[in-house]
Amino acid sequence: MPKSKRNRPVTLSKTKKKGREHKENVVNAIRESVEKYESVYVFTFENMRNLKFKEFRDQLKSSSRFFLGSNKVMQVALGRSVADEIRPGLHKISKLLRGDSGLCFTSLPKEEVVRLFNGYEDYDFARTGSIATEKVELEEGPLDQFTHEMEPFLRKQGMPVRLNKGVVELVSDFVVCEEGKPISPEAARILRLLAIKMATFKLHLTCRWSYEDFEIYKEGLEDSDIESS
């Protein structure tokens, strides 16, 4: 009987070395990008969808480079203070790498970057734990959109259903989710079956740095806030 790969011992020193090498590679790639591209943007994201983000990134592949991952590693690469920043003013970029954020290095005009980021959004099905954007309630009666084979699955999701002459029937009104409340695993499955998309993948620009200037896009954030943080 073949040995399971799961039972093979892993040398921790090797995994630590690999992790360190990866961080060093990211730091070097970011520093090379500072030299190669004319400007760098900090952006944040909502409801990240990896495939959709890859499509967006590929659109700008010839003129831009993106970095996502550890904010701390990206901050180290740019410099976290005036004393260790690799170019004047880059520590301001570092201080705005917070939460779900990333870096976009580009040679595109800033008007084009702002247009692309502000104009991008994509709708998708909500995942477990997401906040419902509306109340979804199904009324008692036949559910013609479901075949009779779906009835056992729907019952497992907590729906009060039965088969009536081969038709899936809801025996009482049923609330799938409430607006403003977290979506349960069962609700997420039901919403997908109902083709209701509640998640919007969005990108938001926070700030821009270039050799000439530094610009903040995020409302309510001032240059003085960065210096004092």
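Remember, predicted model here, so these are calculated numbers, not experimental data. (Residues numbered from 1 in each chain as written. Predicted model: local features only at pLDDT ≥ 70, side-chain atom pairs only at ≥ 80, totals over all residues. Heavy atoms only, no water.)

### Let's talk about the packing of aromatic side chains
Using the criterion set out here, one finds 12 aromatic pairs in the structure. Between the aromatic rings of Y41 and Y217, the centroid separation amounts to 6.3 Å while the plane-to-plane angle is 15°, which identifies the pairing as stacked. Linking Y41 in strand 1 (residues 39-46) with Y217 in the loop between strand 11 (214-216) and helix 8 (223-228), this pair joins segments that are 176 residues apart in sequence. In this structure Y217 comes out as partly exposed when scored by relative accessible area, which is 24%. A ring pair is formed by F43 and F117, whose centres lie 5.6 Å apart and whose planes are at 55°; its orientation type is tilted. With F43 in strand 1 and F117 in helix 5 (residues 110-118), this pair connects stretches of sequence that are 74 residues apart. Accessibility classification places F43 together with F117 in one group, the buried group. A network of ring pairs unites the aromatic residues F43, F53, F56, F66, F117, Y120 and F201 as a single cluster. The cationic tip of K197 hangs over the ring face of F125; the distance from NZ or CZ to the ring centre is 5.4 Å. (Phe/Tyr/Trp six-rings, centres within 6.5 Å; stacked < 30°, edge-to-face > 60°. Helix = DSSP H or I, 4+ residues; strand = E, 2+ residues; numbered from the N terminus. Buried < 20%, exposed > 50% of the residue type's maximum accessible area, 1.4 Å probe, protein only. Lys NZ or Arg CZ within 6 Å of the ring centre and 35° of its normal.)

### Re the sheet that holds strand 6 (residues 141-142)
Taken together, three strands build an open sheet; the order of strands is 6-8-7 and the sheet is antiparallel. Both edges of this open sheet fall to strand 6 and strand 7 (161-164), since each of them pairs with a single strand only. (Pairing = 2+ DSSP bridges.)

### Some remarks on helix 5
Because an α-helix packs 3.6 residues into every turn, residues spaced three or four apart end up facing the same way. All of the buried residues along helix 5 are V113, L116 and F117. Buried residues in helix 5, looked at end-on, bunch into an arc of 95°, giving them a common side. Pointing more than 90 degrees away from the buried face of helix 5 are the exposed residues E111, R115 and N118. Residues of helix 5 that are buried make contact with strand 1, helix 2 (50-59), strand 2 (64-68), strand 3 (101-106) and strand 10 (199-210). (Arc of directions from axis to C-beta. Contact = heavy atoms within 4.5 Å.)

### Looking at the pattern of salt bridges
Per the counting criterion, the structure on display carries 12 salt bridges. Linked through salt bridges whose partners overlap, the residues forming this network are K110, R208, D213 and E215. (Salt bridge = Lys/Arg side-chain N within 4 Å of Asp/Glu carboxyl O.)

### With respect to unusual backbone geometry
Its identity as a non-glycine residue notwithstanding, K165 has a phi of 55°, on the positive side. Among the structural elements, K165 can be located in the loop between strand 7 and strand 8 (167-170). Positive phi, close to 60°, is recorded for A195, a residue that is not glycine. Positionally, A195 belongs in the loop between helix 7 (185-193) and strand 10.

### Quick look at the side chain of T206
Mapped onto the fold, T206 is located in strand 10. In this view, T206 contacts V42, F43, T44, L96, I216, Y217 and K218; residues no more than four positions away in its chain are not counted.

### What to know about helix 7
Of all the residues in helix 7, the buried ones are A187, A188, I190 and L191. Buried residues of helix 7, seen end-on, are gathered within an arc of 165° and therefore sit on one face of the element. Contact partners of the buried residues in helix 7: strand 5 (136-138) and strand 9 (174-177). Trailing helix 7 by a residue or two, A195 shows a phi angle of about 60°, which is positive.

### Digging into the confidence of the model for the protein chain
In this model, the protein chain carries a mean pLDDT of 87, and residues with pLDDT of at least 70 account for 87%. Ranking the elements of the protein chain by mean pLDDT puts helix 8 last, at 54, and strand 9 first, at 96. In this model residues 1-8 is a low-confidence stretch, pLDDT under 50, and it forms zero contacts with partners more than four residues away in sequence or in other chains. Within the model, pLDDT remains below 50 along residues 10-15, and this stretch shows one contact once partners closer than five positions in the same chain are excluded. (pLDDT = per-residue confidence, 0-100.)

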